Amino acid sequence: MVTKIRIGALISGGGTNLQAIIDSCESGKICGEIVFVGTDNPDAQGLKRAASRRIPTFVVDYKSAIKSFTNDLNKIELPDDFNINDLLLKYSVFPADADLEKTKKFLTLRAAIEKKLLDEMRPYPFDLLILAGFMRILSPYFIDKINSEPDNFRIMNIHPALLPAFPGLDGYGDTFRYGCKIGGCTVHFIDYGEDSGPIIGQRAFPIQENDTLNTIKKKGLALEWELYPSCIQMFAQNRLQIVKKIFELDSGEKVIRTVVKIKGES
Ligand code: GRF
């Protein structure tokens, strides 16, 4: 008998990717099952999609938590193993010259909220955590709790651009405004940076003169719904191998990259 992988999902919005993944689990395209759907947004439409398939759901309301912690710092309950210096060393989303106090405050608030997220997830053991339109940055505190070792990547994300171009919140918008002739989407593992983790799969589409932001989003999403399930299935089949590659540039400088090798592909 084939063992199904257990998939946890975090969403923030409409959940069309979540739907494609639920459908793929049901049709057998993904050898897996979704064991929970969590969100930072109490109004996320995707919650209804999960509930209609009897998938357990929970909400950790980031917006109100950030407000209440910011109004009263005494309310912040930090996890026992919180270590700000460790997080500062690892965190690489903000630029190196960012205000240290602001970064400390951001990471402290995040770890306090992520502790709640981890508490909600605890009843549902999982093999893979997927971010399906989850619009919050995860701190190294959270990431280290999921990836038992740095290179044992267990969090996947879908991003609406051909990374490493246009990381951040508005991949299709950035692609459109830049005048790109090709757009696309990327599935990657999460590391400590912003949309910077090892790339698993990408799909691209042409952008014509008469395309609008709306038509670009439509084309992109249609590809996302195919790409994400296929990458999750490769994880389920144990085909995603993490390898460190060392490249020597013409200047003599060495570049080390952590990349995904897909087993069974030449
Ligand atoms: C997708 O475009 C995804 O790439 C991005 O957020 C959007 C989520 O859409 N991260 P949905 O909630 O899956 O419909």
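Residues numbered from 1 in each chain as written. Predicted model: local features only at pLDDT ≥ 70, side-chain atom pairs only at ≥ 80, totals over all residues. Heavy atoms only, no water.

**A few points about the site of the ligand**
For step 1, the next point in the chain: Around the ligand lies a shell formed by Gly14, Gly15, Thr16, Asn17, Gly133, Ile158, His159, Pro160, Tyr172, Leu221 and Glu224.
For step 2, the next point in the chain: Within the backbone of Asn17, a nitrogen or oxygen atom sits 2.9 Å from an oxygen atom of the ligand.
For step 3, the next point in the chain: A distance of 3.2 Å separates a nitrogen atom of the ligand from a polar atom in the backbone of Ile158.
For step 4, the next point in the chain: Alone, the ligand offers 370 Å² of accessible surface; in the complex the protein occludes 83% of this.
For step 5, the next point in the chain: When atom positions are compared with the pocket grids, the ligand is found to occupy the largest pocket.
For step 6, the next point in the chain: Listing elements by their share of the shell around the ligand, those giving two or more residues are α1 (16–27), β5 (155–159) and α8 (213–236).
For step 7, the next point in the chain: In terms of residue class, the shell around the ligand is built from 4 nonpolar, 6 polar and 1 charged. (Near = heavy atom within 4 Å. Polar contact = N/O pair within 3.5 Å; in protein donor to acceptor, adjacent residues only side chain to side chain. Areas by Shrake-Rupley, 256 points an atom, 1.4 Å probe, with all protein chains shown as cover. 1 Å grid on protein atoms, 1.4 Å probe; cavity = no way out; pocket = protein on both sides within 12 Å on 5 of 7 lines; lining within 4 Å. Sits in = over half its atoms within 2 Å of the grid points. Helix = DSSP H or I, 4+ residues; strand = E, 2+ residues; numbered from the N terminus. Nonpolar A, V, L, I, M, F, W, Y, C, P; charged D, E, K, R; others polar.)

**Description of the layout of surface pockets**
For step 1, the next point in the chain: Roughly 840 Å³ of internal volume is contained in the largest pocket.
For step 2, the next point in the chain: Along the walls of the largest pocket sit 38 residues, with Gly133, Phe134, Met135, Ile158 and Pro160 positioned nearest its centre.
For step 3, the next point in the chain: Secondary-structure elements contributing two or more residues to the lining of the largest pocket are α1, β5, α7 (171–178) and α8.
For step 4, the next point in the chain: A total of 5 residues in the lining of the largest pocket trace back to one element, the largest contributor, which is α8.
For step 5, the next point in the chain: Looking at side-chain class alone, the lining of the largest pocket contains 14 nonpolar, 16 polar and 8 charged residues.
For step 6, the next point in the chain: Here the second largest pocket defines a volume of roughly 390 Å³.
For step 7, the next point in the chain: Ser196, Gly197, Pro198, Arg257 and Thr258 are the residues nearest the centre of the second largest pocket, which is lined by 17 residues in total.
For step 8, the next point in the chain: Of the residues that constitute the lining of the second largest pocket, the class distribution is 9 nonpolar, 3 polar and 5 charged. (Points joined across faces, edges and corners; volume = space filled by probe spheres on them.)

**Thoughts on the sheet that holds strand β3 (residues 57–59)**
For step 1, the next point in the chain: Judged by pairing direction, the sheet is mixed, and its 7 strands sit side by side in the order β3-β2-β1-β4-β5-β6-β7 without closing on themselves. Since the sheet does not close on itself, it has two edges, and those belong to β3 and β7 (199–206), each with one partner. With direction set aside, neighbouring strand axes in the sheet form an average angle of 20°.
For step 2, the next point in the chain: Sheet topology note: the strand β6 (residues 182–189)/β7 ladder contains 7 bridges and is antiparallel. Residue His188 lies in a different strand from β7, and its bridge partner there is Ile199.
For step 3, the next point in the chain: The strands touched by α1 within the sheet are β1 (5–11), β2 (32–39), β4 (128–131) and β5, with β2 carrying the most contacts at an inclination of about 155°.
For step 4, the next point in the chain: Sheet contacts for helix α5 (residues 100–121): β1, β2, β3 and β4; angle to β3, the most-contacted strand, approximately 165°. (Pairing = 2+ DSSP bridges. Axes fitted to C-alpha atoms, helices over the stretch in contact; angles between N-to-C directions. Contact = heavy atoms within 4.5 Å.)

**So, the side chain of Thr39**
For step 1, the next point in the chain: As for its placement among the helices and strands, Thr39 is situated in strand β2.
For step 2, the next point in the chain: Residue classification places Thr39 among the buried residues on the basis of a relative accessible area of 0%.
For step 3, the next point in the chain: Separated by 3.0 Å, the side chain of Thr39 and the backbone nitrogen of Asn41 make a polar contact.
For step 4, the next point in the chain: If sequence neighbours within four positions are ignored, Thr39 has contacts with Ile11, Ser12, Ala44, Leu47, Phe58, Val59 and Val60. (Buried < 20%, exposed > 50% of the residue type's maximum accessible area, 1.4 Å probe, protein only.)

**Some words on the environment of Val259**
For step 1, the next point in the chain: You can see Val259 is positioned in strand β9 (residues 254–262).
For step 2, the next point in the chain: With a relative accessible area of 25%, Val259 lands in the partly exposed category.
For step 3, the next point in the chain: In sequence terms Val259 and Leu73 are 186 residues apart; their C-alpha atoms lie 40 Å from each other.
For step 4, the next point in the chain: Residues contacting Val259, with those up to four places away along its chain left out, are Pro198, Gln241, Ile242, Val243 and Lys245.

**Observations concerning the pattern of salt bridges**
For step 1, the next point in the chain: Across all of its chains, the model carries 14 salt bridges by this definition.
For step 2, the next point in the chain: Among the ionic pairs, Glu26 bridges to Arg53, the shortest N-O distance being 2.6 Å. In this pair, Glu26 is assigned in helix α1 and Arg53 in the loop between α2 (46–52) and β3, connecting sequence segments 27 residues apart. (Salt bridge = Lys/Arg side-chain N within 4 Å of Asp/Glu carboxyl O.)

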